[in-house]
Structure formats: structure tokens, C-alpha cells
Amino acid sequence: MSDRTKKLGKIDREYVWHPFTQMKEYEEQEPIVVEGGEGVYLYDTEGRKYIDGVSSLWVNIHGHKVPEIDNAIKNQIDKLGHSTLLGVTNPPAAELAKELIGICPPGLKKVFYSGDGASAVEVAIKMAFQYWQHKGKPDKAKFVYLENGYHGDTLGAVSVGGIELFHSTFKPLLFETYRAPSYYCYRCPLGKTYPSCEIACAKEVEKILEKHHEEICAVILEPYVQAAGGMIVAPEGYVKIVREYCHKYDVLMILDEVATGFGRTGKMFACEHDGVTPDIMVLGKGLTGGYLPLSATITTQKVYDAFLGEYEEFKTFFHGHSYAGNPISCAASLGNLEVFRKHNTLENLHVKIDYFEEELKEFEGLKHVGNVRNKGLMAGIELVEDKETKKPFPLERKIGWEVAENAMQHEVLIRPLGNVVVLMPPIGIPMEDLKKLLKVTYKAVKEATES
Ligand SMILES: *Cc1c(COP(=O)(O)O)cnc(C)c1O
């Protein structure tokens with residue numbers, strides 16, 4: 001190892017506290033120091049390269065060093081680094097909002113900017129809550145969320161989060177909510193089997209709404225894939241059914257597309273698979289192609305109009321972040337959308353998804369692979385100790401990490417979610433790299449679980 005890498009590792013361990021990382025363990029290892037990227041590859045300070053198999057934690061869309069995005073950022077830097085969006089605007093923020101509305105499901109009309117996915121979820125929560133205040137229904141104040149759902153780590157987002165491991169510690173700080181079962185077919189919370197279940201998990205949402213709709217403000221969920229929950233894929237039609245219940249019981253529907261947006265599932269947004277328009281849609285992660293922090297909470301004219309009034313009525317949406325609509329981030333995002341148009345990214349994706357699905361089937365033959373699921377290029381491979389009984393590996397075994405470490409030896413960087421091996425490459429991944437990613441992962445799973 002070079003002196004430079006050693007030195008960087010040393011100062012990092014001395015001064016940086018890493019997110020979602022047990023620092024005791026981290027301090028005992030030499031970290032990988034990533035300093036470069038090109039296409040789907042990341043380069044470390046030792047000159048090693050890795051396929052970015054989980055899109056730098058789900059943010060990267062077309063790859064690294066994408067000319068259109070690089071240039072958009074460089075051009076913007078020559079003009080303006082930042083100016084507030086409180087009462088004034090800037091060209092990229094205005095232009096991006098127009099472009100986003102152009103690609104969003106029909107009916108979404110207004111873009112509210114923030115920095116991270118969690119902030120944009122907070123915005124959605126407060127927007128939905130205040131909407132009902134303005135509509136003269138202040139009792140509609142509670143949220144319905146799904147078990148295994150994940151919406152970020154700020155307290156509002158954790159209140160509607162359904163991952164015990166992350167969220168139970170903070171229970172005393174959270175607001176009251178209603179929890180509906182996850183659409184987790186492999187381990188159906190209702191003990192049923194698809195399709196004979198007729199998507200009974202969606203009916204559980206209806207049961208809650210039927211009983212409590214007068215005090216319910218909104219239902220929040222991730223359309224089609226509960227990503228952080230373990231890449232859990234919803235049965236076709238689930239989102240549409242819940243949309244209908246939301247109409248029927250007059251509650252807002254918030255769809256969190258932070259992970260699923262920007263082509264991950266094969267369409268620009270996952271809700272398009274079911275032809276659904278939510279009342280509020282949340283975007284983050286891939287919004288800038290994986291370059292810069294930027295998120296957006298996008299809503300309908302109906303929700304927006306409820307906030308209009310004379311100044312002294314104080315119907316204003318009292319929420320905002322310092323870097324909302326940052327022009328460099330918005331320029332990156334415009335570059336991201338330009339790539340989609342110029343390279344027909346979505347059209348070209350079908351071939352990759354077909355190949356991906358075909359190859360994923362191979363994993364089902366492995367002795368300890370209990371379930372393989374995907375929507376587009378988002379996939380989860382759930383490892384089990386016993387396939388018959390679906391008995392999970394004990395978490396202490398860290399089987400997912402063992403797979404990731406094996407893969408790293410063969411130039412593939414992935415990060416598991418517990419016992420679920422996650423594959424979520426940039427959608428711009430070239431075919432030969434997609435092949436390599438699958439081949440290496442297959443071997444890594446086999447080695448970790450069968451030896
Ligand atoms: C990652 C994620 C978030 C949180 O976004 P951050 O930018 O990490 O705050 C919210 N919702 C979903 C579905 C996510 O996957």
C-alpha cells in the first residue's frame with residue numbers, strides 16, 4: 001500500500017465519523033480511498049478499479065464523468081455558485097422545474113426544492129399536513145406508512161419509516177402513525193401466496209383508511225420497490241389499488257421515488273408502471289445523475305392552490321432550506337436529463353433489463369439463495385440458511401458482507417442490506433460490464449454460502 005493511501009486512511013480514521021458505519025470495526029481496517037471515476041468504474045488511490053455495482057449508494061445514473069453533466073456544472077460555475085430561492089430565482093432552478101414537470105406523471109405541476117431525499121420527505125409530510133389545515137380539516141393529521149418502508153433519517157422520515165433495525169431506537173421522538181403491512185411476497189406478512197392472495201396486503205391499507213380516514217392526512221410509500229427494506233418488489237397493480245383507496249377515502253398519496261426514480265425500474269418513474277399520479281412525489285438521489293445533493297417535492301395544482309392567500313392569512317408554506325434550488329445542482333440535473341434525451345437511455349434500457357432478468361434466474365439455482373427479485377435494474381438476492389424453511393442466516397454471520405468482500409476481490413463494489421445482496425448498477429452500464437457484474441456476484445455468492 002502506498003504511503004499516500006496509508007496517510008489518507010489514517011487521517012480519515014482520526015477525524016471522520018461515517019454514516020451507517022460501526023466505527024469500531026471501521027477503525028480496524030484500511031479503508032478504500034476512492035479518488036476517481038470513469039463510466040461505471042471507480043478508481044482508488046492504489047490504482048485499483050471497481051464496477052460501481054450499487055451506483056455509489058443508488059445515486060449514480062449514467063456513470064461517472066459524464067460529459068453533458070460535467071459541462072453543465074463547469075458552465076454554471078463560471079456564472080454563479082449560489083443564490084437563495086427565498087423570494088428570488090435563478091435560471092437553472094426555473095428551467096429544471098419546467099423540465100421535471102414535463103417528464104413527471106400528468107397532473108403534477110409544482111416543484112419544491114431541497115437538498116437531500118430525507119429533507120424532501122419532510123417537505124412532503126409538512127405539505128400534506130398543512131394542506132388539510134387549510135382545507136378546514138385539521139383532524140386529518142396522521143400518516144399511513146408501510147412496514148419495511150424507508151424514507152430517510154430525519155425524524156419525520158423516521159416516523160413514517162418501517163425498518164425496525166434503523167428506527168426502533170428513536171421511537172420516543174416520533175409522531176403517531178398507522179402501519180400497513182409490507183408488499184413482501186417472499187415472506188408475506190399475511191401468510192398468503194401471490195397471485196391467489198389477490199394482493200390482500202393492499203386491502204390492509206383500505207382497512208386502515210376505512211376506519212380512520214377522518215384523521216388520516218396521507219399514505220406514504222415507495223412505489224414498486226422497498227429499496228432499503230431489502231429490494232422488496234411489489235406485485236403488479238399494488239400502487240394503483242392503493243391510489244384508488246386514497247381517492248375513495250380522500251387522503252393524499254405521497255410516492256417516494258427517491259430510489260426508484262430516473263429509470264431504475266425501466267421507466268422514468270416507477271409509478272408509471274401502474275399509470276398512477278400521486279398527490280405528492282418525492283425525488284432525490286438520481287436527480288443530479290449522482291453528482292450533487294438536490295431533491296424535489298413535486299405536487300399538484302390542487303395542493304399548491306390550498307396555500308394561496310393574502311399575506312396576513314399566513315397560509316404560506318413555512319419551510320425552506322438554505323441551498324434549495326442551488327444553481328450548480330440544478331445545472332447538473334439539467335445535464336442528467338439531457339443525457340436521457342440525447343442517448344435514448346430509457347429505450348436502450350430494455351435490452352439490458354431483459355438480459356439482467358435472464359441472468360438473475362441463474363442465482364435461483366444456488367443452494368442458499370431463497371429469493372431473487374428485481375424491477376428493472378434494481379435487484380435483491382435474498383440469502384437463506386435453509387431454502388425449504390426460508391430460515392434466514394443469523395445477522396451476526398454477516399453473509400451479505402462476505403459476498404461483498406468476495407466481489408471486491410474481483411473488481412466489483414457492492415453493499416448488501418443485511419442478508420440481501422443488492423445489485424443496482426448505473427442504468428448507463430455497458431452490456432459487457434453488466435455481464436461482469438453478474439458473473440462476479442454469482443461466484444461471490446456461491447463462494448460465501450457454499451464453502
Ligand atoms: C435514500 C432514500 C431516502 C433518503 O434520501 P437521502 O438523500 O439519503 O436523505 C428517502 N427515500 C428513499 C426511498 C430512499 O431510498
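Structure report, in brief.

Here the focus is the environment of Phe20. On the secondary structure map, Phe20 appears in the loop between α1 (3-15) and α2 (23-27). Take Phe20: its relative accessible area is 48%, and that puts it in the partly exposed class. Residues Phe20 and Met378, 358 residues apart in the sequence, show an inter-C-alpha distance of 21 Å. Setting aside residues no more than four positions away along its own chain, Phe20 makes contact with Tyr150, Asp153, Phe166 and Arg415.

Pairing is mixed across the open sheet formed by 4 strands, whose spatial order is β1-β2-β3-β16. Here the strands that pair on one side only, and so sit at the sheet edges, are β1 (34-38) and β16 (412-413).

Our focus in this paragraph is the site of the ligand. Surveying the vicinity of the ligand reveals the residues Trp58, Asp116, Gly117, Ala118, Tyr150, His151, Gly152, Glu222, Asp256, Val258, Ala259 and Lys285. Asp256 has a polar side-chain atom sitting 2.6 Å from a nitrogen atom of the ligand. Protein contact buries 84% of the 380 Å² of open area that the ligand shows by itself. When grouped by side-chain class, the residues that make up the shell around the ligand number 5 nonpolar, 3 polar and 4 charged.

Here we take up the environment of Leu173. Secondary-structure assignment places Leu173 in the loop between α8 (164-167) and β6 (177-180). For the pair Leu173 and Cys271, spaced 98 residues apart in sequence, the C-alpha separation works out to 31 Å.

Thresholds applied
Residues numbered from 1 in each chain as written. Predicted model: local features only at pLDDT ≥ 70, side-chain atom pairs only at ≥ 80, totals over all residues. Heavy atoms only, no water. Helix = DSSP H or I, 4+ residues; strand = E, 2+ residues; numbered from the N terminus. Buried < 20%, exposed > 50% of the residue type's maximum accessible area, 1.4 Å probe, protein only. Contact = heavy atoms within 4.5 Å. Pairing = 2+ DSSP bridges. Near = heavy atom within 4 Å. Polar contact = N/O pair within 3.5 Å; in protein donor to acceptor, adjacent residues only side chain to side chain. Areas by Shrake-Rupley, 256 points an atom, 1.4 Å probe, with all protein chains shown as cover. Nonpolar A, V, L, I, M, F, W, Y, C, P; charged D, E, K, R; others polar.

Purely geometric numbers; function is a separate question.
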